[in-house]
Every structure is written in structure tokens, then in C-alpha cells.
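Structural description and commentary
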Amino acid sequence: MNKRKMLLILLIFCVGLVFWWYFSPSRIMEDTREITLYGQIDLRTVQLTFSEQEYIEEMYVDEGDVVQSGQVLAVLKKDRLAAQYKEAVARVDAQRNVVQRLTTGLRPQEVLQARAKVNAAQIRLKNANSLLRRVKTTTPSGASTRKSLDDAVTAVDLARAELTIEKNGLSLAEEGYRKENIAEAEATLKGLQAAVELLQVRMGELQLTTPVDGIIQNRIAEAGELASPARVAFTLAVTEPKWVRAYLPEPELGCVSEGMIAAVYSDSFAEPFEGWVGFISPQAEFTPKRVETTELRTQLVYEVRVWVDDPDNKLKLGMPVTVKLDTAASKNINSDLENISELNIEKDRCANLSSDLRKQ
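Below is a summary of the structure that appears in this document.

Rules of the game
- Residues numbered from 1 in each chain as written.
- Predicted model: local features only at pLDDT ≥ 70, side-chain atom pairs only at ≥ 80, totals over all residues.
- Heavy atoms only, no water.
- Helix = DSSP H or I, 4+ residues; strand = E, 2+ residues; numbered from the N terminus.
- Buried < 20%, exposed > 50% of the residue type's maximum accessible area, 1.4 Å probe, protein only.
- Contact = heavy atoms within 4.5 Å.
- Areas by Shrake-Rupley, 256 points an atom, 1.4 Å probe, with all protein chains shown as cover.
- Core = buried A, V, L, I, M, F, W, Y, C linked by side-chain atoms within 4.5 Å.
- Pairing = 2+ DSSP bridges.
- Salt bridge = Lys/Arg side-chain N within 4 Å of Asp/Glu carboxyl O.
- Axes fitted to C-alpha atoms, helices over the stretch in contact; angles between N-to-C directions.
- Parallel < 35°, antiparallel > 145°, perpendicular 65-115°, else oblique.
- Left-handed = near helix turned anticlockwise from the far one by under 90°.
- Nonpolar A, V, L, I, M, F, W, Y, C, P; charged D, E, K, R; others polar.
- Phe/Tyr/Trp six-rings, centres within 6.5 Å; stacked < 30°, edge-to-face > 60°.
- Lys NZ or Arg CZ within 6 Å of the ring centre and 35° of its normal.

1. Examining the overall build of the chain
- A count of helices and strands for the chain gives seven helices and twelve strands.
- When each of the 360 residues of the chain is scored for burial, the buried share is 32%.
- Residue pairs in contact within the chain that sit at least 24 positions apart in sequence constitute 79% of those at least 6 positions apart.
- Carbon and sulfur atoms make up 54% of the accessible area of the chain, which amounts to about 23000 Å² in all.

Shown next, in the form of C-alpha cells:
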């Protein structure tokens, strides 16, 4: 009986402990604490330049214009590059004909011509041999001189050499061109085709397009000027993403975590903008002079980026804003999991005590 009473008292104590923890005034004050940060609107800017060095033909946008991804902003003159492109295409056509000729081989008429030259060389060799036999017959009797005999021997040797040359020519005509020559011609053709593709890319880069959605912040170049990759033509302010660069005092570091919901206030608009903490710097620094807080400027702070949802693009670059973080409405997921885990542990303990009481 005493054991059952002790278990009942312990159960009541555990339940009271859970209620006290959950409704603790200090916890409520901690959860409802509001943190205020001061900062400026920040966004990314893109320096847009032409890839080619050429004179600008026309500019299509001006400062303040809203542009979409892929929109053409300006174009360069294309006369010089277009001429180079035509020349490269003509070279490709000529080399393609060379490859076709080498691959197909000689025409049938050329093979017949080589065979006819072999027959002619054979006839000349036959005549030279006949002449040599007659000279050899008449030389002992003195009818032919020694020089005539030497000339006849030389004529036979020349005719035999000519026949060898013509036979080799016929063999080459029947076999066709060497594989190495064909491979060389094909490689040359690929190189010329690559040159054409490069010129096609360069022709496309005569148009300057925007890579992302944004607003033209600065128009630096003008039509008629010489553009180059080293000279900026436009400065593009990217509308998304947009964030507030603020600085969190070191004592508040433990109260703020990534993912917390934030309200961003501006003097220009009555309603706040929705946001959330997206980045907290892992390294401390001294408060920059441009940031105004209620704390001393020598105090260490951590840079915080609060992402802002601004679909109408009302907030501008450098606009001063106030960020309010409500710790009650901006609980971290990890903190919620820990709290739920603690409550579950207490509930399990109470359930175990109830089970022991029932067994008693």
C-alpha cells in the first residue's frame, strides 16, 4: 500500500513538472522575445560585356528597363565576321570535294589510259629488242658500227625502264589513292568544319543577351563605340534573390538560427516584407561604420543575410531596412524536435509509472 502511494505521488510530481516546464514564465518570455536588426537591401549585380571586339550597331535597352532572361540588349556589326564565315564555308566545300575525289579513286577512263601506256611501252621494248638483234648480226661483218650496237643496247634498257614505270602507274590507278592521303584530307576537312562552327558561335555572340532576369542599372556603352571583352557595356541588377545584409550582436547569436522567419520593414512601405534567415557568418567582426545599432560600435557582430520575398521588386539596392525576428514564431526545427523529444521522455516516464500502479 505504501509503495502504491509513493508511485502515485511520483506520478503527480512528474505531471506537475511537465506543466510547470511548459507554462514557465521564463520560457514564455524567452519564446516571445523579439530581436531587431538593422541593415540594407543587397542583391547581386552582373557586369555584361561583349565577347567580340567590334563596333556597336544598336542598343535596345536603357537604364531602369526590366529585362528577361535571354533578351537581346545590343548587337554588334557583323559585316567583317560574316565575310570570314563565307570564306570558311567555301574552304569546307572545297576540301569536301578533295575527300570525295580521294575516296572514289580514279575514273575508269584514267585506268584505261594507264593500261594503254603499258601496252605502248611493251611495243617500244619489243621494237628495241628487234633492233638490237639486227645490229648484233650486222656488227661482226662491219655493216654496223660499234656505236650503233651501244645505242641499240641503250634503247632496250630505256624501253624496259619505261615499261616498269607504266606498269607501276597502272597498279596505282587500279589500287586508288593511299589510305594515309585520304585520312589526311579527312582530318583537314574536320579542322575546317571546326573553324566554321567557331565562326557560327562568334556570329551568335554578336548579340549581347541577359543571362537572368533583372533591371538595367547602368548603360555604359553607346552605339558606334568599339566594344571589347575588357569593356563593360551594361550593369545588370539581379532581382532574385534579394536579401538584407545585417549584423547580429554577439549576445544575440544563440537566439538566432538559419531558417527563422523574419519581418522586413522599410520607411517607404507600410506593410512589412516576409523573409527568413538564410546565412549566419561563422566569423565575428567589428560592426561596420555604415550600420547603426543601439550597441557600441566596438562590439563584435556576425553578418546575417535575411532573404526577402519581394515579387513586385519594391525594395531597391542599398535601401535601409529594419529586420525583426520573433523567436516565438521563428522557432528552429531542431529546437522543436528537442522540445518534443523532452516531452515524450516525460510522457514515457509517466506512462511507465501508471503501468506500475495498475500492476500493483
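2. So, the nonpolar core
- Judged by nonpolar contacts, the single largest core of 27 residues is most densely connected at F50, I56, L73, I216 and F234.
- Counting residues per element, the ones that place at least two in this core are β2 (54-59), β4 (72-76), α3 (79-104), α6 (179-204) and β8 (232-249).
- Not counting the four nearest positions on each side in its chain, I56 is found in contact with F50, V75, L76, A221, E222, A223, G224, E225 and A227.

3. Examining the sheet that holds strand β7 (residues 226-227)
- Reading across the sheet, the four strands line up as β5-β4-β2-β7 and stay open at both edges, with antiparallel pairing between neighbours. Two strands lie at the open edges of the sheet, namely β5 (207-209) and β7, each paired on one side alone.

4. Looking at the side chain of T210
- Here T210 shows up in the loop between β5 and β6 (214-219).
- On the basis of relative accessible area, T210 is assigned to the buried category, the value being 1%.

5. Looking at the pattern of salt bridges
- Taken as a whole and assessed by the stated rule, the structure comprises eleven salt bridges.
- Of the charged contacts, one joins R202 and E52 as a salt bridge, the two residues approaching to 2.9 Å between their closest N and O atoms. Of this pair, R202 sits in helix α6 while E52 sits in the loop between β1 (34-49) and β2, placing them 150 residues apart in sequence.
- By relative accessible area, E52 is classed as buried at 11%.
- A salt bridge links E87 to R91; the nearest nitrogen and oxygen atoms lie 3.2 Å apart. You can see E87 and its partner R91 sitting in helix α3, four residues apart, about one turn around the helix.

6. Points about the environment of E54
- Along the chain, E54 falls in strand β2.
- The class of E54 is buried, set by a relative accessible area of 10%.
- Sequence spacing of E54 and S228 is 174 residues, and the spatial spacing of their C-alpha atoms is 6.8 Å.
- Dropping the residues within four chain positions of it, E54 is found in contact with L76, K77, R80, E225, L226 and A227.

7. Details of the packing of α3 against α6
- Packing of α3 against α6 brings their axes to within 9 Å, and their N-to-C directions diverge by 160 degrees. Classified by the interaxial angle, the pair formed by α3 and α6 is roughly antiparallel. Read as a crossing pair, α3 and α6 show a hand that is left-handed.
- In the contact of α3 with α6, the residues fall into 16 nonpolar, seven polar and four charged.

8. Focus: the packing of aromatic side chains
- By the definition in use, this model includes two aromatic pairs.
- Relative to W307, the ring of W243 has its centre 5.2 Å away and its plane inclined at 70 degrees; by these criteria the two rings are edge-to-face. Here the residue W243 occupies a position in strand β8, and W307 occupies one in strand β11 (residues 300-308), the gap between them amounting to 64 residues. As far as burial versus exposure is concerned, W243 and W307 are alike and both buried.
- Where F269 meets F273, the ring centres are 5.6 Å apart and the plane angle is 90 degrees; that geometry is what we call edge-to-face.
- Given a relative accessible area of 26%, F269 falls into the partly exposed group.
- Taking the relative accessible area as the measure of exposure, F273 reaches 10% and is therefore buried.
- Here R305 stacks its cationic end above the ring of F279, 5.4 Å away from the centre of that ring.
- Above the ring of Y265, the side-chain terminus of K324 is found at 5.2 Å from the ring centroid.

9. Focus: the pairing of β2
- Examined bridge by bridge, β2 and β7 share two bridges and lie antiparallel to one another. Each bridged residue has a counterpart across the sheet, and for Y55 the counterpart in β7 is L226.
- Pairing between β2 and β4: three bridges, direction antiparallel. Across the sheet, the residue bridging to I56 is L76, located in β4.

10. Examining unusual backbone geometry
- Here the bond from E240 into P241 is cis, since omega is 0 degrees, no more than 30 degrees from zero.
- Here P241 is to be found in strand β8.
- Located in the positive-phi region is N313, a residue other than glycine, with phi close to 55 degrees.
- Within the element layout of this structure, N313 appears in the loop between β11 and β12 (320-326).

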